[in-house]
Amino acid sequence: MMQNSPQSSPLPAGNRGSSALVSVQGVSMVFQAGTVALKEASLEIGSGEFISLIGPSGCGKTTLLRLLADLIQPTSGAIRVGGKTPQEARKSRAYGYVFQAPTLMEWRTVLQNVMLPLEVMGFSPIGYNAIPAIAPEKKEANYRAMQVLADAIQHNRTPKSFLTKKSFTNAIAAVAATGGSTNAVLHLLAIAHEAGIKLSLEEFDKISRKVPVIADMLPWGQYTAWELWEAGGIPLIIRRLIEGEIIDGDQMTVTGKTLWQETSKAKETKGQKVVVKAEKAFKAEGGLRILKGSLAPDGAVLKLVGTERKEHRGPARVFDSEQAAMKAVLKKQIKPGDVVVIRYEGPKGAPGMPEMLSVTSALVGEGLGSQVALVTDGRFSGGTRGLMIGHVAPEAQLGGPIALIKEGDTISIDCNKGILNLEVSASELAKRAKAWKAPKPHYKAGLFARYAALVSSAREGAVLEKPE
């Protein structure tokens, strides 16, 4: 296990933990979402450093290779992937890749939603993911991670050999205990599906209601990912969760050791205030809620940490795309008390559930973050704050109730009771459903068309169904 050595941040004051682009040297990251934020990134590259992407192909790495090939322009030297250029390596089936020379960005919300659960499940070596990109320890971690990978291959230690149902409930608890976002729900449901382990949407709510919040992390709290690392990092969080009997420390990891063996001696910086013991939790309940009701019969997801409001009732302002909603916000057409409904942004409708960071940020920027609610069949960024409800299922493209909402309909939300209702009679909804017609798909051919045809509901992780 990598041991962190607390130090003062080399980033300028005001930039620590920033979600803006940071030029770094020698990054080790796991890309769960594939494209992540690289589409609009401007990347700077120095020579002689390394990026390690570790794990079996098919975890977004081929997509990342393609993006690197398209986006990265070296300032000196050449980028090599396992001795090949990114273009040559696109078809590689190697277990790991080593990129020479590039730099990447750090996204703070990725820590709770991807890095933390991957370590808790045992996918990633514990203590490596939270090391800041420009910390000197990062370079050593890269090499150590490759050694862990080589040992796992030698001993045929695959994810399926150590993943259990408790691995996933551990991960859910860790996300809830750190104020992680709704994106983690999609990630974990999808990974469980691929691992052949049954995991339901309802389990996220059940676990989160029992788990206290023990890490004071941005965007809802005070501290950045860097400050978490200085305090003791992910190993300290895991140790605290095990000590509080919140997660099972006997679960195995990629190293062949248990969670407790990896974290029992986790170092804690004296006087740190980022991570506390369970009995001194910042909040009594975790940050995730699953809502159901006449508007979301199959469920919807809310990140409760980040909003103090638990109830809302107001008129629907209906938009059939994020762009249309964004125009209305910028034109100041959204008023306090409104419920902004953005539909046809689900797995099939968009397709692909694009992340709605712009419109949620705009609502906060207009001073409406604490006065309105937002409901969508799409998804949000980890940085979202306020009463923002996503993953509504069934989605609009399938004719779910969200597709039947009309401007001005009353929508009621009760987070404590887990309710999301459309206050329209069943007979009226049946009449609207009979008249409803699915919009034409955005893509009639190609990859996106095939994706939209095969993708499942968000309540199942939006995984691809097997064609019959």
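Residues numbered from 1 in each chain as written. Predicted model: local features only at pLDDT ≥ 70, side-chain atom pairs only at ≥ 80, totals over all residues. Heavy atoms only, no water.

Undergrad: Please give an account of the overall build of the chain that cites residues and values.
TA: In terms of helices and strands, the chain carries 15 helices and 10 strands. When each of the 468 residues of the chain is scored for burial, the buried share is 56%. Within the chain, counting contacts between residues at least 6 apart in sequence, those at least 24 apart form 74% of the total. (Helix = DSSP H or I, 4+ residues; strand = E, 2+ residues; numbered from the N terminus. Buried < 20%, exposed > 50% of the residue type's maximum accessible area, 1.4 Å probe, protein only. Contact = heavy atoms within 4.5 Å.)

Undergrad: Run through helix α12 (residues 322-330), naming residues and quoting values.
TA: Of the positions making up α12, those classed as buried are Glu322, Ala325, Ala328 and Val329. End-on view of α12: buried residues confined to an arc of 125°, all on one side of the axis. Of the exposed residues in α12, the ones pointing more than 90 degrees away from its buried face are Gln323, Lys327 and Leu330. The secondary structure elements touched by the buried residues of α12 are β5 (311-319), β6 (339-342) and α13 (357-365). In the segment just after α12, Lys332 is the residue with positive phi, at about 60°. (Arc of directions from axis to C-beta.)

Undergrad: I'd like a description of the side chain of Gln272, backed by residues and values.
TA: Tracing the sequence through the fold places Gln272 in the loop between α11 (259-263) and β3 (288-291). Look at Gln272 and you get buried, because its relative accessible area is 13%. Those residues within four positions of Gln272 in sequence are excluded, and the remaining contacts are Ala231 and Leu236.

Undergrad: Before we move on, can you summarise the pattern of salt bridges with the specific residues and values?
TA: All told, the structure shown has 20 salt bridges when counted by the stated rule. Across the salt bridge formed by Arg144 and Glu140, the nearest N and O atoms sit 3.6 Å from each other. Of the two residues, Arg144 and Glu140 are both situated in helix α4 (residues 137-154); the distance of 4 residues between them amounts to about one turn of the helix. Close ionic contact of Asp151 with Arg157 constitutes a salt bridge, the shortest N to O distance being 3.1 Å. Salt bridges sharing partners connect three or more residues here, namely Arg239, Arg240, Glu243 and Glu268. (Salt bridge = Lys/Arg side-chain N within 4 Å of Asp/Glu carboxyl O.)

Undergrad: Which residues make up the nonpolar core, and what values go with them?
TA: For soluble globular proteins, nonpolar side chains are generally found buried alongside one another. Residues Met121, Phe168, Leu199, Phe204, Ile238, Leu241 and Ile247 are the most contacted members of the largest nonpolar core, which totals 61 residues. Elements represented by at least two residues in this core include exactly α3 (110-121), α4, α6 (165-177), α7 (183-195), α8 (201-208), α9 (225-231), α10 (233-243) and β3. Ranked by residues supplied to this core, first place goes to α6 with 8 residues. Every residue in contact with Ile247, bar those within four places of it in the chain, is listed here: Val120, Asn170, Ala173, Ile238, Leu241, Ile242 and Leu259. Among the nonpolar cores identified, the runner-up in size contains 28 residues, and Leu295, Ala373, Leu404 and Leu422 belong to it. (Core = buried A, V, L, I, M, F, W, Y, C linked by side-chain atoms within 4.5 Å.)

Undergrad: Mind laying out the pairing of β5, listing which residues take part and the relevant values?
TA: Remark: a regular strand shows side chains that alternate across the two faces of the sheet. In the sheet, β5 pairs with strand β9 (residues 410-414) via 5 bridges, with the strands oriented antiparallel. Note that in β9 the partner of Arg313 across the bridge is Ser412. (Pairing = 2+ DSSP bridges.)

Undergrad: Talk me through the sheet that holds strand β7 (residues 373-376); I want residue IDs and the actual numbers.
TA: The 8 strands lie next to each other as β3-β4-β8-β7-β6-β5-β9-β10, forming an open sheet whose pairing is mixed. With partners counted over all chains shown, the strands left at the sheet margins are β3 and β10 (419-422), one partner each. Averaged over all pairs of adjacent strands, the angle between strand axes in this sheet comes to 25°, irrespective of strand direction. (Axes fitted to C-alpha atoms, helices over the stretch in contact; angles between N-to-C directions.)

Undergrad: Would you mind going over the environment of Val424 in detail, with residue names and values included?
TA: Position of Val424 relative to the elements: it lies in the loop between β10 and α14 (426-435). A relative accessible area of 16% means that Val424 is categorised as buried. The contacts of Val424, once residues within four sequence positions are left out, are Asp409, Leu429 and Arg432.

Undergrad: Go over the side chain of Glu262 with me, naming the residues and quoting the values.
TA: Within the fold, Glu262 resides in helix α11. Lys257 is the oppositely charged side chain nearest to the buried, salt-bridge-free Glu262, at an N-O distance of 5.2 Å. Within the local environment of Glu262, its side chain forms a polar contact with the side chain of Thr255, the two groups lying 2.5 Å apart. (Lys, Arg positive; Asp, Glu negative; His and termini not counted. Polar contact = N/O pair within 3.5 Å; in protein donor to acceptor, adjacent residues only side chain to side chain.)

Undergrad: So what's going on with the packing of α12 against α13? Residues and values would help.
TA: Here α12 crosses α13 at 15°, and the two axes come no closer than 9 Å. Viewed along their axes, α12 and α13 adopt a mutual orientation that is roughly parallel. As α12 runs across α13, the sense of the crossing is left-handed. Across the interface between the two elements, Glu322, Ala325, Met326 and Val329 of α12 pack against Leu357, Ser358, Val359, Ala362 and Leu363 of α13. By residue class, the composition of the contact of α12 with α13 is 7 nonpolar, 1 polar and 1 charged. (Parallel < 35°, antiparallel > 145°, perpendicular 65-115°, else oblique. Left-handed = near helix turned anticlockwise from the far one by under 90°. Nonpolar A, V, L, I, M, F, W, Y, C, P; charged D, E, K, R; others polar.)

Undergrad: Explain the packing of α6 against α8 residue by residue, including any values.
TA: The N-to-C vectors of α6 and α8 enclose an angle of 55°; their axes lie 9 Å apart at closest approach. As summarised for this structure, α6 and α8 are arranged oblique, according to the angle between their axes. Between α6 and α8 lies a crossing of right-handed hand. Contact with α6, carried on its side by Lys165, Thr169, Ile172, Ala173 and Ala176, involves Glu203, Phe204, Ile207 and Ser208 of α8 and no other residues of that element. Tallied by class, residues from the contact of α6 with α8 come to 5 nonpolar, 2 polar and 2 charged.

Undergrad: I'd love a proper account of unusual backbone geometry, names of residues and values included.
TA: Following Ala350, the chain continues to Pro351 via a peptide bond in cis, the omega torsion being -10°. Along the chain, the position of Pro351 falls in the loop between β6 and α13. In this structure, the amide linkage connecting Ala393 to the following residue, Pro394, adopts the cis form with an omega of 0°. Mapped onto the elements, Pro394 comes out in the loop between β8 (387-393) and β9. Here the phi dihedral of Asn156 falls at roughly 55°; this positive angle occurs in a residue that is not glycine.

Undergrad: Could you give an account of the confidence of the model for the chain, naming the residues involved and the relevant values?
TA: Overall, the prediction assigns the chain a mean pLDDT of 79, with 75% of residues at 70 or greater. Confidence drops under a pLDDT of 50 for residues 1-108, and excluding neighbours within four residues, the segment shows 220 contacts in the predicted structure. (pLDDT = per-residue confidence, 0-100.)

Undergrad: Describe in detail a nonpolar patch on the surface, supporting the description with residues and values.
TA: On the surface, a cluster of nonpolar side chains totalling about 330 Å² of accessible area is made up of Tyr443, Leu447 and Phe448. According to the relative accessible area criterion, Tyr443 is partly exposed, its value standing at 38%. (Patch = residues over 30% accessible without salt bridge, like charges linked within 9 Å, V, L, I, M, F, W, Y side chains within 5 Å. Areas by Shrake-Rupley, 256 points an atom, 1.4 Å probe, with all protein chains shown as cover.)

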